[in-house]
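Each chain, letter by letter, is given below.
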Amino acid sequence: MKKILIVFFTILSLFCKGQSLQSLDTVKAPAGYENIFIRHLYSDSLVSSFVIFIKNEVKVHRHVYHTEHIYILDGEGEMKIGDKKIRIQKGNIIFVPKNTIHSLKVISQTPIKALSVQTPFFDGKDRVFVE
């Protein structure tokens, strides 16, 4: 009976999609990237997640259809969200509602490294730059 259960769960595991695990400490930017490097982590129809490295700034933009959660993994900056200007640093989490103008200026010697989680699925097309 024990052998039958082992075979059953082994076969079952071949048909089940498992969850993924990744340490964000292991996600690195390549040497020599210009200003922004984006590393896609995971996506489905409801959500997309990325690790973003920023050396200088993210220009003023908005996402018409997407909300965004940003968790700062490293670095410091000044962020504008709507009419507010806030200082961000490692350990902060920021919520950006859909259609809200936002931007970022890095103020630390090290680039900002952030986890960005956007809903629904984000393919990069819903980024509207504002002058």
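One can find the structure itself at the top, above this paragraph.
Small disclaimer: the values here were computed from a predicted structure and weren't measured.

Conventions we followed
- Residues numbered from 1 in each chain as written.
- Predicted model: local features only at pLDDT ≥ 70, side-chain atom pairs only at ≥ 80, totals over all residues.
- Heavy atoms only, no water.
- Pairing = 2+ DSSP bridges.
- Helix = DSSP H or I, 4+ residues; strand = E, 2+ residues; numbered from the N terminus.
- Axes fitted to C-alpha atoms, helices over the stretch in contact; angles between N-to-C directions.
- 1 Å grid on protein atoms, 1.4 Å probe; cavity = no way out; pocket = protein on both sides within 12 Å on 5 of 7 lines; lining within 4 Å.
- Points joined across faces, edges and corners; volume = space filled by probe spheres on them.
- Nonpolar A, V, L, I, M, F, W, Y, C, P; charged D, E, K, R; others polar.

Any chance you could explain the sheet that holds strand 2 (residues 48-54) here in plain terms?
Hydrogen bonds along the backbone pair up the strands of a sheet, which may run parallel or antiparallel. Pairing in this open sheet of five strands is antiparallel, and the strands run 1-2-9-4-7 from one edge to the other. Pairing within the sheet leaves two strands with one partner each, and these edge strands are strand 1 (36-43) and strand 7 (93-96). Between one strand axis and the next, the sheet turns by 20° as a mean value, whatever way the strands run. The pairing of strand 1 with strand 2 spans seven bridges and is antiparallel. The residue bridging S43 from the neighbouring strand is S48, located in strand 2.

Explanation requested: the layout of surface pockets in the structure shown.
Sizing a probe to match a water molecule and rolling it over the atoms shows the empty space that remains. Estimated volume of the largest pocket: approximately 400 Å³. Looking at the largest pocket, it is lined by 25 residues, and the ones nearest its centre are I52, V58, H61, E68 and R127. Tallying contributions element by element places strand 3 (residues 57-62) first for the lining of the largest pocket, with four residues. Among the residues forming the lining of the largest pocket, the class breakdown is 15 nonpolar, six polar and four charged.

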